[in-house]
Amino acid sequence: MSRSSIQIHPMILCGGTGTRLWPASRESMPKQFARLVDAERSTFQATLARVSDTSVFAKPTVIASAEARFIVAEQRDQLGLAADILLEPQGRDSAAAVAVAALHAAAADPQAVVLILAADHVVPDTEAFVDAVRRAAAGAQAGYTMTLGIEPDRPATDYGYIRRGEPIAEAPGAARVARFVEKPDRAGAEALITDGALWNSGYFLFRADLMLAELEAFVPEVLAAARAALEAAVTDLDFVRLDAAAFARAPKISIDYAVMERTARAGVLPVSFSWSDVGTWDAVWQVLDHDAEGNAVRGRVSLIGTKNSLVHSQGEGLTAVVGLEDVVVVSTPDAVLVASKAHSGQVKDLVNALRASGAPEADAHLRMYRPWGWYQRIDIGERFQVKRIQVVPGGRLSLQKHYHRAEHWVVVRGTAEVTIDDRVVLVHENEAVYLPIGSMHRLANPGKIPLELIEVQVGSYTGEDDIIRVEDIYGR
């Protein structure tokens, strides 16, 4: 088969919470779904668009957590692109995800060439990326598990490295992997670059049947669990849910440790296009455009005497910085981060400390996305909470009731269809409705524009767990 005729099956891995990019990235909206680099689309959307050329790629498959399923579907649909969505009931690291990807592709074609991509990478040059993938696919077709090795532009200590070996005849420009090297210190990184080592991008290309054979040889428990989880999977709306009990039996291990560092047929194709996994705020600063003072800014920002810094402001508030250098300032409606760029990797430790102290800001944003739209807390106090709610056209909340609070809904835009026990009423703009404690109720948007309302909760307890769902079209 010629290189040009190989159809590549993209598998996009959407796991991870991106805690080093807190407070913009949190468990409720991880970095791959946030617009941290591009104001128009997330890195997940950019990744999906990067593999949308149907002359090169088969329909992509996205492997994501069950909690992120509606975000994935919404962002896919915003692009108007097709993709299958497989849901992991829990994270078991990348080896299990790759096993599922290989099995899924092999069901259509045992010798399918599979491309594993992370959803959080930044690659501005799509044409160069696609060309590199096509060239690496020739090596995969010939029986190698290929990766793309990035030509380093600095002695980075937050990336793994690859030492090159003998050339691969079937893939011009590619070489066997002589050795994978863990993240080095600065001196080690400089030495590796001097020796011609490459950054390990984490992109992998392989034939499905050969990867399954490698998994069977090195980590048969992972493969068995993935196979059982896929065989017992169920379809739920637009998603395929892997069986939770079977998937839980997969040992937690990365594909690097499970296969790549043990196989005798690992290959690497050197590439020179711009690439970043935007793993820290310093990495975000590096990929953004800079002003004359070396600053990268997003949102409403005002700077005086500030150099080589990243200032990221979310929401309507103004973030002002005076007289600082080499810093990261990230302002969100409920949390502010100030850190030196050099220590921005320690934000992960900060998030762990916040979790240990029980701070809700560690994982939850003020605006929480749901399959029907979103809600955002405006105010909270003893015996009350105020929220802003938006419901997409056709969206329907669950039929539910509360034991500890009553609710008042005031419609500010659109028309609400409100179920209260055995009544269904339409509530229009500038009208309100009262929901007594214990009443069975549902909110829906029957219109063609987003429905917006203000919800005032009053009662002895206003927590999210005071919800008894009787019926839910989203299967929650």
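Conventions and cut-offs
Residues numbered from 1 in each chain as written. Predicted model: local features only at pLDDT ≥ 70, side-chain atom pairs only at ≥ 80, totals over all residues. Heavy atoms only, no water. Patch = residues over 30% accessible without salt bridge, like charges linked within 9 Å, V, L, I, M, F, W, Y side chains within 5 Å. Areas by Shrake-Rupley, 256 points an atom, 1.4 Å probe, with all protein chains shown as cover. Salt bridge = Lys/Arg side-chain N within 4 Å of Asp/Glu carboxyl O. Helix = DSSP H or I, 4+ residues; strand = E, 2+ residues; numbered from the N terminus. Buried < 20%, exposed > 50% of the residue type's maximum accessible area, 1.4 Å probe, protein only. Contact = heavy atoms within 4.5 Å. Pairing = 2+ DSSP bridges. Axes fitted to C-alpha atoms, helices over the stretch in contact; angles between N-to-C directions.

Focus: a nonpolar patch on the surface
Then, in step 1: A cluster of nonpolar residues, Tyr403, Ile468 and Val470, forms a patch on the protein surface that exposes about 280 Å² of accessible area.
Then, in step 2: Tracing the backbone shows isoleucine 468 in strand S28 (residues 468-471).

A closer look at the environment of valine 412
Then, in step 1: Structurally, valine 412 can be placed in strand S22 (residues 405-413).
Then, in step 2: Residue classification places valine 412 among the partly exposed positions, given a relative accessible area of 43%.
Then, in step 3: Separated by 63 residues in sequence, valine 412 and glycine 475 have C-alpha atoms that sit 29 Å apart.
Then, in step 4: Not counting residues up to four positions away in its chain, the partners in contact with valine 412 are Glu429, Glu452, Leu453 and Ile454.

Let's talk about the sheet that holds strand S16 (residues 327-331)
Then, in step 1: The 4 strands are arranged S12-S14-S16-S17 in an open sheet whose pairing can be described as mixed. Each edge of the open sheet is held by one strand with a lone partner, namely strand S12 (296-298) and strand S17 (336-340). In this sheet, neighbouring strand axes are inclined to one another by 5° on average, regardless of whether the strands run parallel or antiparallel.
Then, in step 2: Sheet topology note: the strand S14 (residues 310-313)/S16 ladder contains 4 bridges and is parallel. Paired with histidine 312 across the two strands is valine 330, which belongs to S16.

Looking at the pairing of strand S4 (residues 113-118)
Then, in step 1: Among the 6 residues that make up S4, 5 are buried, leaving the element largely enclosed by the rest of the structure.
Then, in step 2: Taken together, the 6 bridges between strand S1 (residues 8-13) and S4 define a ladder with parallel strand orientation. In the strand pairing of S4, leucine 13 is matched with alanine 118.
Then, in step 3: Across 4 bridges, the pairing between S4 and strand S8 (residues 198-207) is antiparallel. Looking at S8, one finds that leucine 115 is bridged to leucine 205.

Brief notes about the sheet that holds strand S25 (residues 432-435)
Then, in step 1: Reading across the sheet, the 6 strands line up as S18-S19-S20-S27-S22-S25 and stay open at both edges, with antiparallel pairing between neighbours. Each having just a single partner strand, strand S18 (367-370) and S25 make up the two edges of the open sheet. Strand-to-strand, the axes of this sheet are offset by a mean angle of 20°, without reference to chain direction.
Then, in step 2: Bridge analysis of S22 against strand S27 (residues 451-459) gives 8 bridges, and the strand direction is antiparallel. Bridge assignment links valine 411 to a residue of S27, and that residue is leucine 453.

Coordinates in, geometry out; function isn't part of it.
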